[in-house]
Every structure is written in structure tokens, then in C-alpha cells.
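Residues per chain, in single letters:
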Amino acid sequence: MSKHQFQTEVSQLLHLIVHSLYAHRDIFLRELISNASDALDKLKYLTITDDQFKDLTFEPRIDISFDEKDQKTITVSDSGIGMNEADLVENLGTIARSGTKNFLSQLSGDQRKDSNLIGQFGVGFYSVFMLADSVEVITRKAGEDNAWKWTSDGKGEYEVAAAERESCGTTVILHLNDDGKEFASRWKLEDIVKKYSDHIAFPIFLHYTKTEYDDKGKEKGTEAKVEQANSASALWKRPKSELKPEDYNAFYQSIGHDDDEPLFYLHTQAEGTLEYTTLFFVPRHAPFDMYNADYRSGVKLYIKRVFITDDQRDLMPTYLRFLRGIIDSEDLPLNVSRETLQHNRVLANIRQAAVKKMLGELQRIATEDPERYAEFIAQYNRPLKEGLYADFGNRDTLLELVRFKSSTQEGYTSLADYKQRMLPDQKAIYFVTGDNEQSLKNSPLLEAYRKKNIEVLIMHDDIDEIVVPTIGRYKDTELKAINRSDAGDDIADEADKGKAKDAKPTVEKIKKALGDRVKDVKVSVRLSDSPSCIVVDESDPTMKMQQLMKSLGQAEMPDVKPILEINPDHPIVAGLKPMEDEAMIEDVAFLLLEQALLVENVPITDPSAFVKRLNRVMAKAF
């Protein structure tokens, strides 16, 4: 026998789970049945494809029994692949899931809110400690002779010892606490199975004792009974006309390990050159590991209802990694290698068709159910934008689906809606990028556009900086960044040209003072209230892009100098025209530059020098 400490994250989560943070405690059985089903799926695959296991007697089943008299235990057993000692330590001693630390950092101590977070994160097996004082897991791995027993009370330690089991599979025994005894009931367990696990493709048998009564209602004896509690048919292969929304919701909650219903689902059955079935769900809340490099795929691949893999990221493109569901092909060979799946032409064609169907469904919802689509965008707008860069073949569709904030509209808007609102003589779709929505809306760069009633799209996601410049045009209209020097030409008029000529001496003074700190100094056509702003040359990366590249490790990237634009009508700038004090001119010029940088959330290089300059200028006012 060996004792082990739980991984730190497991101990923290167990403490929360034991304190009943799950919204519905009955999901413990859903999780145990789901694990058993996965174990059966894996062994079924091996008995078909691996010569080592082809002679193994495989009778797939899940059995549930309970202590009816004292209500002390519930037992869930399967005839699946089982585990050895190393598997027990890896699977039950750690949480092999990305984003664990990020998840824990978001827990607030508010039980109601944390319950929802845990439900989204999913901790599977550990949910049993909500209703058990201790748990035993007796298991034997297929193809091995030794069995093992894992035991724990969920309080920091677990033990692994040698055990006995006649055949491969896993048995989980829950020693119930007082709160858990209510679940040791035939009707309770049967109801939970039908609610969450009716779709499981393997038979789930419920063991119970039936009491016999005579015609006078007196007990005359008991009989041990075993009845199948689920329909044991693959839900995704059933005709859609037979299925109800509650069937889909229960299936999603099982495979998605989620207490919430999905935001929506898409069930397709293709016949013809290729025969396959897909069933995809969009979770109501974004998966916790969605932005982790080691995210886990939520789509399972089946071939003729035989489970093949659930860790193949290439089943769907990365930007749709939030999907949960099933792909079941009739055309792929059962012995297809996991390593060659990503290069398989049949799977590539299924994926291509499935993506188009999914994007088409999103278009339908955006048109017919804007409120639901707004919920979707709130969770998944950013991943969709990744598709603009990664999926050129579907870019036109994705351009209709992504949404942006706007300088004139509440909430999100589409490019199509923006285009309908364009002024008759407007030359482009204008946008500004940065990292803070409110700062961008208050940016001096928008002043002239606002004055001329020209809408500007506010693009505050990091990915906007990378993706949007690659788009170029939406239909026949150019997308133009207003924080680039050439965008101002579109809104300039004759009066602006006159101002530039009058302000030439002031521009020369500022250029001389700033020297090589800027690429150029120009009179701005975009400013009406602010004294200055910064833009970049058409061919240069924006200030935000420079920051982004450095954060990604390109520390040696040379600094690209900004262009300073000044407002000649502003009192500060106008005051420079007659000024002869070169020291004061330098202080004001640097303050014009540095305040423009700060407004755009660009850090200034020497904060102490900035403060000294500011103090000198302020002192002159007294």
C-alpha cells in the first residue's frame, strides 16, 4: 500500500466541492457513468483494431447497485478498459486539464458565483465527494493481471494498494454521508440515469430488490432484480424528428460536463458521396481553456458508432475550438491511425462541410434570433476573428458574422450594418485599434470624425490589430485605420490646407525641439478639441502592434517613431507661434508628444522628465 498527496489544485477544488458548490448534486452519477462509457468506448476500439485484444471477451455494460437497507453505499461498475497503478495516480490524483490555476484564481468566495464557475470548469470524478465520506475505486486494466484499489476521504491524501478483480474494468464504491443517503434509492437513481445518461450507447443496468405482496397487500417475499435503465442508443444516430430539445440538452450536459443547457445545437446527417453525422453544441459560457495553447478539443470522433478519439484537434478548426459534440463517419476505416487522421481526405471533406454548416447556422441565428446571437458574440467574437486570419476559404462568411463596437452605436455592430449607415460621400469604413474600448472612444483621433458624423469602428481586441489589416476590403469598400497618417486625407478640406500653411512656423519649432523623437510633425485635420495626437506612417506598425510584438518576445524589434499631429486652433499650440524662449518651446513640444502617447495608452520613456517638464510649465502660469 502506498500513500499519496493530492495535487495542490485537486485539494483546493475538493474543499470547494465538499462544501456543495455544485448547483445539482445528482450530477455525480452523470460523471461516473460518463467515465464508464469512455472506458467502454476505449476498450471497444481496441478489440476491433488491436490484435492483442481481439480475443478478449468484451461484454460492454455499466452496473449500478446500492445498499437498500442502510443506505450506506452506491456502487457503479463497468467492464471497460480499466486502470493500472500509474493510471490511478495520473487520473485520480491530478487534474489533467489546462487552465486549472487560471480557474482557481477566478474563484471569489461567493458560493453562488463559484458554483457556476465550477460547473463550467468541470471536475468529473471529484463530484462524488459531495455526498460520500470516502470512496473506493477497484480496477484492473485490460491485458494486465494485477488489480488495484484507490481509496480516499477527499481530505488531502489517497492510498493505492493491490486488490482483486476477476476481469478488466472499474468499480467505484461510494460510502455515503448523511446528505448522500437520499440517493440510495431505486427511483432516485433510475430518474438520474434517464435524465442525464439515457443516450449512453452501452446498457446501464440497475440492481435492486423487488418486494412481492399477496392479494391482501402483505409482504410475501423479495426478489433480486436487474433492469436496464437507459435506451442505450446513440442519440446522434436517431432521426431528428424523434428527438426533443430536452434530449439534446441532456446529451450535451453529459458530454460537456456542464450544468447549463447549451446556447444552441446543430444536428446534421449527410448521405451521398460521404455518409456522416455531426452533432455540435455551443456552450452558453466559453470553456475555461479556450485561450490556452494546450486547450482540449471538445469534439469526439466516432466511426460507425465506434469511439476513436477525443483529443484530435484537427477535427474542427482552431477558431471553433469552443464546440462540443460528435462526428460519426461511415466511410473512414476503423483501424485508421490517430497520427494519420489529420491528413485523411475523407475527414478533411467532412470537416470542410461541417464548418460550412456551422457557419451557416450562425448566419441563420444572427438573422432570425439577434438576441441569442448577441449572447454568442459576447462569448465567442474573438475566436471568430481568428478565423478571418486562419480560414481564408470562409472569410467572406466570417466577415458577416464578426462584430465590432462603434463610436455611434450601443453594443456590437456588423460590417454590413455599418455600411448601410455610411454617409453618401464617405470613402471608407473607418476603424481605430487599441487595447481599451473607453480610451478609444475618447481618443482625440475621433474628434473630427465625430464632428462630421462619420462612424468609426472601435477595435479593442488584441487580435484586431493582427487580423483587420489583412482584410483590406469589405465587399467593395476599403477598411481604413484612422490612426494612420493617410486616413486624414479623406476628411481634409480647403480650410485645412490654409491652416497648414499658417502653422508652418509653429510646426518647424516643434520639429526642432523634438528632433529624432518623432518621424514628422504635421497639422492635423482630425483634431477639434485636443491640442495633439499621434499617428503612424502608412507602412509602419501601429504603436499597439509594436507593444504586442514585444510582449510576444520580439524584444529586439526597433522602435518605430510616431508622427505628431497638432491642432493649430488650440490655445497651447497657438501660444507657441510668438514664443521665443527655446527652453519653454522644448518643454511644451515634449508635453504635446507625451500627452498624446499617454492618451493612446503608450508608456512614455522617461516619466520623471515628463513630471519635471510639467512642473516647469505649470510654474509659469503663476
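Chemist: What's the story with the overall build of the protein in this structure? I'm lost.
Modeler: Scanning the protein from terminus to terminus reveals 20 helices and 23 strands. Going through the 622 residues of the protein one by one, you find that 52% of them count as buried. Contacts in the protein between residues far apart in sequence, at least 24 positions, make up 72% of those at least 6 positions apart.

Chemist: Sorry if this is basic, but what is going on with the nonpolar core here?
Modeler: Among soluble globular proteins, nonpolar side chains are generally buried collectively. If you look at the biggest cluster of nonpolar residues, it comprises 130 residues, and the most contacted ones within it are Phe125, Trp150, Phe376 and Leu384. Counting residues in each nonpolar core, the second largest holds 26 residues, with Val573, Leu576, Ala589 and Phe610 among its members.

Chemist: Just to check I follow, could you spell out the pattern of salt bridges for this structure?
Modeler: Pairing of side chains with opposite charge becomes possible as their charged atoms draw close. Per the stated rule, a full pass over the model turns up 34 salt bridges. A salt bridge links Arg321 to Glu386; the nearest nitrogen and oxygen atoms lie 2.9 Å apart. Here Arg321 is found in the loop between β13 (306–309) and β14 (324–329), whereas its partner Glu386 is found in helix α9 (residues 370–390), with 65 residues between them in sequence. Close ionic contact of Asp464 with Lys385 constitutes a salt bridge, the shortest N to O distance being 3.0 Å. Of this pair, Asp464 sits in helix α14 (residues 462–471) while Lys385 sits in helix α9, placing them 79 residues apart in sequence. Each member of the pair, Asp464 together with Lys385, is buried.

Chemist: Sorry, what's going on with the sheet that holds strand β2 (residues 62–66) here?
Modeler: Strands in a sheet are paired, the pairing made by backbone hydrogen bonds, and the direction either parallel or antiparallel. Pairing in this open sheet of nine strands is mixed, and the strands run β1-β6-β5-β4-β7-β3-β2-β8-β9 from one edge to the other. Each end of this open sheet is capped by a strand with a single partner; those strands are β1 (2–5) and β9 (219–228). Pairs of neighbouring strands in the sheet enclose a mean axial angle of 20 degrees, with direction left out of account. In terms of strand pairing, strand β8 (residues 204–213) meets β9 through nine bridges, oriented antiparallel. In the sheet register, Thr209 faces β9, and the bridge partner there is Ala224. Along the sheet, helix α2 (residues 27–49) makes contact with β2, β3 (73–78), β7 (169–176) and β8, crossing β2 at roughly 145 degrees.

Chemist: I'm lost on unusual backbone geometry in this one. Help?
Modeler: With the exception of glycine, the majority of residues adopt a negative phi angle, and the majority of peptide bonds are in the trans configuration. Although it is not a glycine, Arg305 adopts a positive phi angle of roughly 70 degrees. When you line up the elements, Arg305 lands in the loop between β12 (299–303) and β13. Taking relative accessible area as the criterion, Arg305 reaches 44% and is therefore assigned partly exposed. If you check the backbone angles, Asn453 has positive phi at about 60 degrees while not being a glycine. Checked against the element boundaries, Asn453 lands in the loop between α13 (447–451) and β18 (456–459). On the basis of relative accessibility, which here comes to 61%, the residue Asn453 falls in the exposed class.

Chemist: It is not clear to me how the packing of aromatic side chains should be interpreted in this structure. Could you clarify?
Modeler: Two measures describe an aromatic ring pair: the distance that separates the ring centres and the angle between the ring planes. Tallied over the entire structure, the rule returns 16 aromatic pairs. Each ring, one from Trp236 and one from Phe251, has its centre 6.0 Å from the other, and the planes form 50 degrees; the classification is tilted. Of the two residues, Trp236 is situated in the loop between β9 and α7 (245–256) and Phe251 in helix α7; the sequence distance between them amounts to 15 residues. Note on Trp236: relative accessible area 4%, which makes it buried. The ring of Tyr208 has Arg186 lying over it, and the distance from NZ or CZ to the ring centre is 3.9 Å. Over the face of the ring belonging to Tyr412 we find Lys405, whose NZ or CZ atom lies 4.8 Å from the ring centre.

Chemist: I'm lost on the pairing of β12 in this one. Help?
Modeler: Sheet faces and side chains relate simply in a regular strand, where the side chains alternate between the two faces. For β12, the tally of buried residues reaches five of five residues, placing the bulk of the element in the interior. Along β12, one buried face is formed by Val299, Leu301 and Ile303 and the opposite face, lined by Lys300 and Tyr302, is buried too. As paired strands, β12 and β14 are joined by five bridges and run parallel to one another. Residue pairing in the sheet places Leu301 in a bridge with Ile327 of β14. Sheet analysis places β12 next to β13, joined by three bridges and oriented antiparallel. Of the residues in β13, the one forming a bridge with Ile303 is Val306.

Chemist: Just checking my understanding: could you explain the packing of helix α16 (residues 504–514) against helix α19 (residues 582–599) for this structure?
Modeler: The axes of two packed helices give the description: the angle between them and the distance between them. Orientation of α16 relative to α19, taken along the N-to-C sense of each, is 85 degrees, at an axis distance of 9 Å. By the criterion of interaxial angle, the relationship of α16 to α19 is roughly perpendicular. For the pair formed by α16 and α19, the contact residues are Lys509, Ile510, Lys512, Ala513 and Leu514 on the first element and Glu582, Ile585, Glu586, Ala589, Phe590, Leu592 and Leu593 on the second. A per-class count over the contact of α16 with α19 returns eight nonpolar, no polar and four charged.

Chemist: Any chance you could explain a nonpolar patch on the surface here in plain terms?
Modeler: A cluster of nonpolar side chains, namely Leu614, Met618 and Phe622, defines an oily patch on the protein surface of about 370 Å² accessible area. Topologically, Leu614 is positioned in helix α20 (residues 607–620).

Chemist: Whenever I open this one, the sheet that holds strand β15 (residues 404–406) confuses me. Can you help?
Modeler: The sheet built from six strands is open, its strands ordered β16-β15-β18-β17-β20-β19 with mixed pairing. Since the sheet does not close on itself, it has two edges, and those belong to β16 (412–413) and β19 (473–474), each with one partner. Looking at chain direction, β19 and strand β20 (residues 477–481) are connected through two bridges and run antiparallel. Considered in β20, the bridge of Tyr474 is made with Thr477.

Chemist: When you look at the side chain of Asp26 in this model, what are you seeing that I'm missing?
Modeler: Relative to the helices and strands, Asp26 resides in the loop between α1 (8–18) and α2. Polar contacts involving the side chain of Asp26 include one to the side chain of Tyr196, which spans 3.1 Å. When neighbours within four sequence positions are excluded, Asp26 is seen to be in contact with Phe183, Ile192, Lys195 and Tyr196.

Chemist: Got a minute to help me understand helix α8 (residues 345–368) in this structure?
Modeler: Each full turn of the α-helix corresponds to 3.6 residues, which orients residues three or four apart in the same direction. For α8, spanning 24 residues, the distance from its first C-alpha to its last is 35 Å, which sits close to the expected 34 Å at 1.5 Å a residue. Residues of α8 that are buried: Leu347, Ile350, Ala354, Val355, Met358, Leu359, Glu361, Leu362, Ile365 and Ala366. Between a side-chain oxygen at the N-terminus of α8 and the backbone nitrogen of Val346 the separation is 2.9 Å; the capping residue is Asn344.

Chemist: What is the right way to look at the packing of α2 against helix α6 (residues 186–196) in this model?
Modeler: α6 packs onto α2 with a crossing angle of 65 degrees between their chain directions and a minimal axis gap of 9 Å. Considering only the axes of α2 and α6, their crossing is right-handed. Residues Ile27, Leu29, Arg30 and Ile33 of α2 touch α6, and the partners they reach there are Leu189, Ile192, Val193 and Tyr196. Along the lines of polarity and charge, the residues of the contact of α2 with α6 split into seven nonpolar, no polar and one charged.

Chemist: Just to check I follow, could you spell out the environment of Val617 for this structure?
Modeler: Within the secondary structure layout, Val617 lies in helix α20. You can call Val617 partly exposed: its relative accessible area is 25%. C-alpha separation for the pair Val617 and Val588, spaced 29 residues apart in sequence, amounts to 7.5 Å. What Val617 contacts, discounting residues up to four positions off in sequence, is Met584, Asp587, Val588 and Leu591.

Criteria and thresholds
- Residues numbered from 1 in each chain as written.
- Predicted model: local features only at pLDDT ≥ 70, side-chain atom pairs only at ≥ 80, totals over all residues.
- Heavy atoms only, no water.
- Helix = DSSP H or I, 4+ residues; strand = E, 2+ residues; numbered from the N terminus.
- Buried < 20%, exposed > 50% of the residue type's maximum accessible area, 1.4 Å probe, protein only.
- Contact = heavy atoms within 4.5 Å.
- Core = buried A, V, L, I, M, F, W, Y, C linked by side-chain atoms within 4.5 Å.
- Salt bridge = Lys/Arg side-chain N within 4 Å of Asp/Glu carboxyl O.
- Pairing = 2+ DSSP bridges.
- Axes fitted to C-alpha atoms, helices over the stretch in contact; angles between N-to-C directions.
- Phe/Tyr/Trp six-rings, centres within 6.5 Å; stacked < 30°, edge-to-face > 60°.
- Lys NZ or Arg CZ within 6 Å of the ring centre and 35° of its normal.
- Parallel < 35°, antiparallel > 145°, perpendicular 65-115°, else oblique.
- Nonpolar A, V, L, I, M, F, W, Y, C, P; charged D, E, K, R; others polar.
- Patch = residues over 30% accessible without salt bridge, like charges linked within 9 Å, V, L, I, M, F, W, Y side chains within 5 Å.
- Areas by Shrake-Rupley, 256 points an atom, 1.4 Å probe, with all protein chains shown as cover.
- Polar contact = N/O pair within 3.5 Å; in protein donor to acceptor, adjacent residues only side chain to side chain.
- Expected span 1.5 Å × (residues − 1).
- Left-handed = near helix turned anticlockwise from the far one by under 90°.

By themselves these figures say nothing about function.
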